[in-house]
Amino acid sequence: MTKTPDSDSAPLQIITGKARLAGVLGWPVSHSRSPALHNYWLRRYGIDGAYVPLPVRPDQFEAAVRGLQAAGFRGANVTIPHKEAACALADELDPSAQRAGAVNTLVFEADGRIRGLSTDGSGFVASLEASGLRLPASGRALLLGAGGAARSVAAALQDGGVQVAVTNRTQERADTLARLLPGLEVVPWAEWEAGLGGYDLLVNTTSLGMEGGPDPLFCPSLKAASQALVVADIVYVPRQTPLLAEAAQQGLKTLGGLGMLLHQARLGFREWFGQDPVVDAQTEAALTASL
Ligand SMILES: NC(=O)c1ccc[n+]([C@@H]2O[C@H](COP(=O)([O-])OP(=O)(O)OC[C@H]3O[C@@H](n4cnc5c(N)ncnc54)[C@H](OP(=O)(O)O)[C@@H]3O)[C@@H](O)[C@H]2O)c1
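Conventions used here
- Residues numbered from 1 in each chain as written.
- Predicted model: local features only at pLDDT ≥ 70, side-chain atom pairs only at ≥ 80, totals over all residues.
- Heavy atoms only, no water.
- Phe/Tyr/Trp six-rings, centres within 6.5 Å; stacked < 30°, edge-to-face > 60°.
- Helix = DSSP H or I, 4+ residues; strand = E, 2+ residues; numbered from the N terminus.
- Buried < 20%, exposed > 50% of the residue type's maximum accessible area, 1.4 Å probe, protein only.
- UniProt positions renumbered as here; feature names shortened; annotations may be inferred.
- Near = heavy atom within 4 Å.
- Areas by Shrake-Rupley, 256 points an atom, 1.4 Å probe, with all protein chains shown as cover.
- 1 Å grid on protein atoms, 1.4 Å probe; cavity = no way out; pocket = protein on both sides within 12 Å on 5 of 7 lines; lining within 4 Å.
- Sits in = over half its atoms within 2 Å of the grid points.
- Nonpolar A, V, L, I, M, F, W, Y, C, P; charged D, E, K, R; others polar.
- Pairing = 2+ DSSP bridges.
- Axes fitted to C-alpha atoms, helices over the stretch in contact; angles between N-to-C directions.
- Parallel < 35°, antiparallel > 145°, perpendicular 65-115°, else oblique.
- Left-handed = near helix turned anticlockwise from the far one by under 90°.
- Contact = heavy atoms within 4.5 Å.

Undergrad: Is there a simple way to explain the packing of aromatic side chains in this structure?
TA: Ring pairs (aromatic) are described by centroid distance and by the angle formed between their planes. This model, assessed by the stated rule, comprises five aromatic pairs. Measuring from ring centre to ring centre gives 5.4 Å for W41 and F269, while their planes differ by 65 degrees; the resulting arrangement is edge-to-face. Placement of W41 in helix α1 (residues 34-44) and of F269 in helix α10 (residues 266-273) is noted, with a sequence separation of 228 residues between them. According to the relative accessible area criterion, F269 is buried, its value standing at 0%. Centroid distance W272 to F273: 6.2 Å. Interplanar angle 85 degrees. Geometry classified as edge-to-face. W272 sits in the buried class, given a relative accessible area of 0%. Looking at F273, the relative accessible area reads 0%, which means it is buried.

Okay, here's the thing in structure tokens:
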């Protein structure tokens, strides 16, 4: 395998009869940036392989997974709405998938077993670390949202020793999350802005602020924040959400969602294609070009 540091001089993608294959299962799946990212890495490392979008209806999910296995695929990413079905289908779950209750990466083992991983949360933490944004020991984080991404991010932060609180428009969903992740605190949605002073990290894990989402202009008040607060948004379209712009305006450190997207993909790529891919400025530029 040739490792080429410069994507401009990278070899053309090779696909022979021995190519390693993977893809992303979703419904719909056309919005997924994973094919652009994985095929960029395949080209960059000169790997004989391909990664394809796989639009699969929910009632066809299991049949599609078994078919991919039968066709010799190495595995697949799983996106909305299949993450929980993938969790149920896997023969073996790694601890992150067990804690997240969802699987975003399937690995087809040579003996026919299917291993399920959840890399969203560890991708977020890796992105935070890669940006040099360290939290104090036993730091405190507040997550906006209690959906699938929140669960994964909360579990990964807890695993790193962070005290995590969540707040969600629908309180019941936050309470459910707190039952699944012991130690998680729930803050009422109407009260989180006023209580922001007690946190080191704020993470928006809702779809608020996302282009085409329920409220693209979502911009809460950060007036109660301490100057040490790090503000992260896992939304990556746009790259700078109104929340991040407001935080930057107040002189706070910020982190966008693109890094999480890049880092969560690394583990699957390594499992299927046998190479640990780098996340650097070129990778980021390749992905940004596809947005
Ligand atoms: N950067 C990355 O790699 C990455 C990875 C995964 C996800 N994401 C992004 O994360 C976001 C959430 O994904 P998900 O899979 O967790 O979705 P999800 O399970 O559907 O959860 C959506 C969350 O957004 C909240 N929400 C939606 N509309 C709202 C509104 N009008 N007001 C207040 N809260 C609202 C929901 O609150 P309720 O419970 O009250 O409905 C829930 O907490 C998406 O934008 C997705 O693109 C990014």
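Let's pick the thread back up.
Undergrad: Looking at this structure, I do not really get the UniProt feature "domain: Shikimate dehydrogenase substrate binding N-terminal" (unreviewed entry) in the protein chain. What am I missing?
TA: Taking the numbering used here, the UniProt-annotated feature "domain: Shikimate dehydrogenase substrate binding N-terminal" (unreviewed entry) corresponds to residues 24-106. Helix makes up 41% of residues 24-106 and strand 22%, and the two end C-alpha atoms of the span are 10 Å apart.

Undergrad: I'm lost on the site of the ligand in this one. Help?
TA: Around the ligand, a shell composed of 22 residues is seen, among which N168, R169, T170, R173 and I234 lie nearest. In isolation the ligand offers 920 Å² of accessible surface; the protein chains occlude 79% of this area. A molecule is said to occupy a pocket when more than half its atoms come within 2 Å of that pocket's grid points, and by this definition the ligand occupies the largest pocket. Of all elements in the fold, only α6 (148-159) and α9 (258-264) reach the threshold of two or more residues within the shell around the ligand. Counted by class, the shell around the ligand contains eleven nonpolar, nine polar and two charged residues.

Undergrad: Sorry, what's going on with the pairing of strand β10 (residues 201-204) here?
TA: Going residue by residue along β10, you find L201 and V203 tucked away on one face and L202 and N204 tucked away on the opposite face as well. In the sheet, strand β7 (residues 140-144) pairs with β10 via four bridges, with the strands oriented parallel. From the neighbouring strand, L143 faces β10, where its bridge partner is V203.

Undergrad: I'm lost on the packing of helix α5 (residues 120-130) against α6 in this one. Help?
TA: The angle between the axes and the distance between the axes are what describe a pair of packed helices. With their axes 7 Å apart at the nearest point, α5 and α6 run at an angle of 60 degrees to one another. With respect to their mutual orientation, α5 and α6 come out oblique. Crossing geometry of α5 relative to α6 is assigned as right-handed. Here α5 contributes D120, G121, S122, F124 and V125 to the contact with α6, which in turn contributes S152, V153, A156 and L157. Grouping the amino acids of the contact of α5 with α6 by side-chain chemistry returns five nonpolar, three polar and one charged.

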